[in-house]
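Below, each chain spelled out in residue letters.
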Amino acid sequence: MRVHAACLGHPRIGADRELKRALESFWAGKSSREELEASAAALRRRHWSAMRDAGIDAIPSNDFSLYDHVLDTAIALGAIPARHRAIDDPIARYFAMARGLQDRANGIDVPALEMTKWLDTNYHYLVPELDADQVFSLDPSKILDEVREARALGLETRPVILGPVSFLLASKLAPGARGGTRTLDLLDRVLPSYEALLARLAAENVAWVQLDEPCLVTDLDDDAIAAIGRALDRLLASPARPRVLLATYFRAIDPDVIARTRLDAVHVDLARAPQQLDAVIDALPREATLSLGVVDGRNVWRTDLDAARALVRHAIDRLGASRVQVATSCSLLHVPVDLASERALDPEVRSWLAFAAQKLAEVAALARSATLESPVDPLFAQTREALATRRRSARTHDPAVRERAARVDDAMLHRASPYPVRAKAQRARFDLPRFPTTTIGSFPQTSDVRAARASWRAGRTTDAEYRAFLERETRACIERQERIGIDVLVHGEFERTDMVEHFGELLEGFAFTEHGWVQSYGSRCVKPPILFGDVARPEPMTVDWARFAQSLTSRPVKGMLTGPLTILQWSFVRDDQPRADTCKQIALALRDEVRDLEAAGIAMIQVDEPAIREGLPLRARDHAAYLRWAVDAFRLATSGARDDTQMHTHMCYSEFRDILAEIAAMDADVLSIETSRSHMELLEDFGRFRYPNEIGPGVYDIHSPRVPSVAEMRDLLERAARVIPAEQLWVNPDCGLKTRGWSEVERALTNMVEAAREARAR
Ligand code: GLN
Ligand code: ZN
């Protein structure tokens, strides 16, 4: 009996981001719909063949998407909002749901669906909008087409379908829907479409489907748990259906949910939650297969094949080989495609890594060797060797870094004096007007800036030339800010591509890939640094530019750092120690940077933490522990500052309502935060909570090219002043200005400064 190997999903974007190019060219009107579909089909073919060639038995289909699989599910269920339904052409309608449709000439302006993060990943999905009396109707064409397309290659696939409860929980009710309704109340309306889909797939002779219900790893209330039970009972009672694998990932499930069902197979994530294995086996329906997600689909490290094999062998002992499958822990959507495309990676670090292609080989090797007394596959020996060097490497274990981290004590987490004392020292030092104005850090990264960087990276310009270019940009930026009349300046961040990459490149312990792209949403990809080793700062990272910028003006210029949580959150992080320990090392490096900035005469330092909220674990019971070490890491990075050094932080992208106490506990002297899109609702929460330090609610929404008027921003400011004492308020945009153009920025900031002046005068 051979154990089967399974993959829950392949990256879609292409090893060379072919999908991104095909989409963007289609959107720009440079290629036809047929060309787009041909590129997509070529990618699917390539991915299917890659899985087959790697030795994967259970190969997914419908894991591909032109934009997003949740959007695809909405379309398959006929959940198309009225504003999009009016668009006749299906592909135009699809992209209108994904990205909005604007045609100024014809007065068309159809907003997209909202976008939000997929569970605790950095992948963003489109939030389906449902009516309270939503009528669902099945359109299985994409799912069936992919099954047939794979068959043309001689492959049987296991279509991936987002399950009804996760679909409903991921959706929202359309604005104006009847109060009191919840999306989950639509379960009985949507189930017939799922039943019809299963019947269609059965008619098509599809043997298995992968029904994803990732909501099973989140905090569910009793209604949701009951809904899962009801949905599964009904779908599994369908007279004609393929066999159903219920897939969950990222955390442990409550095994009760699967007990007493008629499921044919269950998939669990044993990379993230290996401890659930026995409980799941105990609860597994009689004769059901267990798919063991032992190869981590969320990270880039080689799997410890011996440890994974031990889990597989244990499951085989308990269930028999015929009821066990070896699989990726989740879809490989969240990892880069192929390590083989990396030519410049340090060979030592490279030997520790596995991208999607390598992970498929690991799954296959584990499956092949599962029933053998000892593994003969050479991949096992290679892995042992690689893991041993990883454990021994001086780059993963730097005694000086470890010793220092072990010595961190409580005193290092506190500023010398409490905020009121510091505020006094800072007021004496800075003499700022009421409602001081500032910006968040970056100024427009124009095509000039990008071109200069590209040409320097390519060796076409010298270091000195590039440096001179950046000095000119920085000087011009300082001059513009002075001309506009901003009180607290920034240097503009022209030397940085990305706020995490910049620090990763200057710190020890990080590696960078050339092609390690991961889909963030639609055609957007990110290339996270790989945090593989102990983090140390060989030399100051930002002091030169900060000192240079400060030398140009008598106004304070903020030093600008990316915070430890954000660096952690936006990297692929080592898995051989707790994230908290890694974060502490980053914090210590930043603490040294703060000290060096201070010594260079920088009097205000901003430590950005836009990603602090998104690190929150999936389950509420784990929140407190995370927030404790997260807040401590920020405090460790910032608390070495003198009382009269003003520490700023900035946060955006998230809902902060539920972590106000922790934000306050970070004890930054000044917090700037995104509020303009939520119309200051957040601020009322801050008012009620009585945020103790100073705060700059964003009055200028930088996510739109619109230039807000003086009156608009003054109005926001006055509304802020009603809930927060005026002496605590700062005036700033809600995020960095890097993606905007100079002309709009200049006008918007001029208006912002004027709004502050008018507010002062009142
Ligand atoms: N200082 C950064 C900037 O202005 C902050 C970016 C962010 O919050 N994402 O670009
Ligand atoms: Zn921001």
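Residues numbered from 1 in each chain as written. Chains lettered and ligands numbered in written order. Predicted model: local features only at pLDDT ≥ 70, side-chain atom pairs only at ≥ 80, totals over all residues. Heavy atoms only, no water.

Engineer: What am I meant to see in the layout of surface pockets here?
Structural biologist: Once rolled over the atoms, a probe with the size of a water molecule shows which space is left empty. Empty space within the second largest pocket amounts to approximately 900 Å³. In terms of lining residues, the second largest pocket is bounded by 42 residues, among which Asn62, Asp72, Tyr94, Lys142 and Glu146 are the most central. Elements that contribute at least two residues to the lining of the second largest pocket include exactly helix H2 (33-54), helix H3 (69-76), helix H5 (90-99), helix H6 (141-152), strand S8 (157-162), helix H8 (187-203) and strand S10 (208-212). At 6 residues, the largest contribution of residues to the lining of the second largest pocket is made by H6. Its residues assigned to classes, the lining of the second largest pocket shows 20 nonpolar, 9 polar and 13 charged. (1 Å grid on protein atoms, 1.4 Å probe; cavity = no way out; pocket = protein on both sides within 12 Å on 5 of 7 lines; lining within 4 Å. Points joined across faces, edges and corners; volume = space filled by probe spheres on them. Helix = DSSP H or I, 4+ residues; strand = E, 2+ residues; numbered from the N terminus. Nonpolar A, V, L, I, M, F, W, Y, C, P; charged D, E, K, R; others polar.)

Engineer: Before we go on, may I ask you to explain the coordination of the zinc ion (ligand 2) in this structure?
Structural biologist: Perfect tetrahedral coordination of a metal by four donors corresponds to 109.5 degrees between them, and perfect octahedral coordination by six donors corresponds to 90 or 180 degrees. Here the zinc ion (ligand 2) is held by His650 (NE2), Cys652 (SG) and Cys735 (SG), and the distances to it run 2.0 to 2.3 Å. Along the chain, the residues that donate to the zinc ion (ligand 2) are spaced as H-x1-C-x82-C. In this pair, the class of His650 matches that of Cys652, namely buried. (Donors = N, O, S within 2.8 Å, 3.2 Å for Na, K, Ca; no water. Buried < 20%, exposed > 50% of the residue type's maximum accessible area, 1.4 Å probe, protein only.)

Engineer: Would you mind going over the packing of aromatic side chains with me for this structure?
Structural biologist: Where two aromatic rings form a pair, the distance of their centres and the angle of their planes describe that pair. In this structure the tally under the stated criterion is 12 aromatic pairs. Seen from their ring centres, Trp118 and Tyr125 are 5.6 Å apart, and the 80° between their planes marks the pair as edge-to-face. The same class applies to Trp118 and to Tyr125, which are both buried. Both rings, one in Phe443 and one in Trp742, keep their centres 5.3 Å apart while their planes meet at 15°; by these two values the pair is stacked. With Phe443 in the loop between helix H16 (419-430) and helix H17 (447-457) and Trp742 in helix H27 (residues 742-761), this pair connects stretches of sequence that are 299 residues apart. Like Trp742, Phe443 is buried. In textbook terms, an aromatic cluster arises when at least three aromatic residues are bridged by ring pairs, as seen for Phe26, Trp27, Tyr67, Tyr94 and Phe95. Against the face of Trp27 rests Arg99, its NZ or CZ located 3.6 Å from the ring centre. (Phe/Tyr/Trp six-rings, centres within 6.5 Å; stacked < 30°, edge-to-face > 60°. Lys NZ or Arg CZ within 6 Å of the ring centre and 35° of its normal.)

Engineer: What is the right way to read the sheet that holds S10 from this model?
Structural biologist: Sheet strands pair via backbone hydrogen bonds, and the direction of the pair is either parallel or antiparallel. With parallel pairing, the 8 strands of this open sheet are ordered in space as S1-S14-S13-S12-S11-S10-S8-S2. Two strands close off the open sheet at either side, each with one partner strand: strand S1 (4-6) and strand S2 (59-61). On average, adjacent strands in this sheet sit at an angle of 30° to one another, irrespective of strand direction. Pairing geometry for strand S12 (residues 265-269) and strand S13 (residues 289-295), over 5 bridges, is parallel. Paired with Asp269 across the bridge in S13 is Gly293. In this fold helix H11 (residues 305-319) packs onto S13 and strand S14 (324-328), with an angle of close to 170° to the strand it touches most, S13. (Pairing = 2+ DSSP bridges. Axes fitted to C-alpha atoms, helices over the stretch in contact; angles between N-to-C directions. Contact = heavy atoms within 4.5 Å.)

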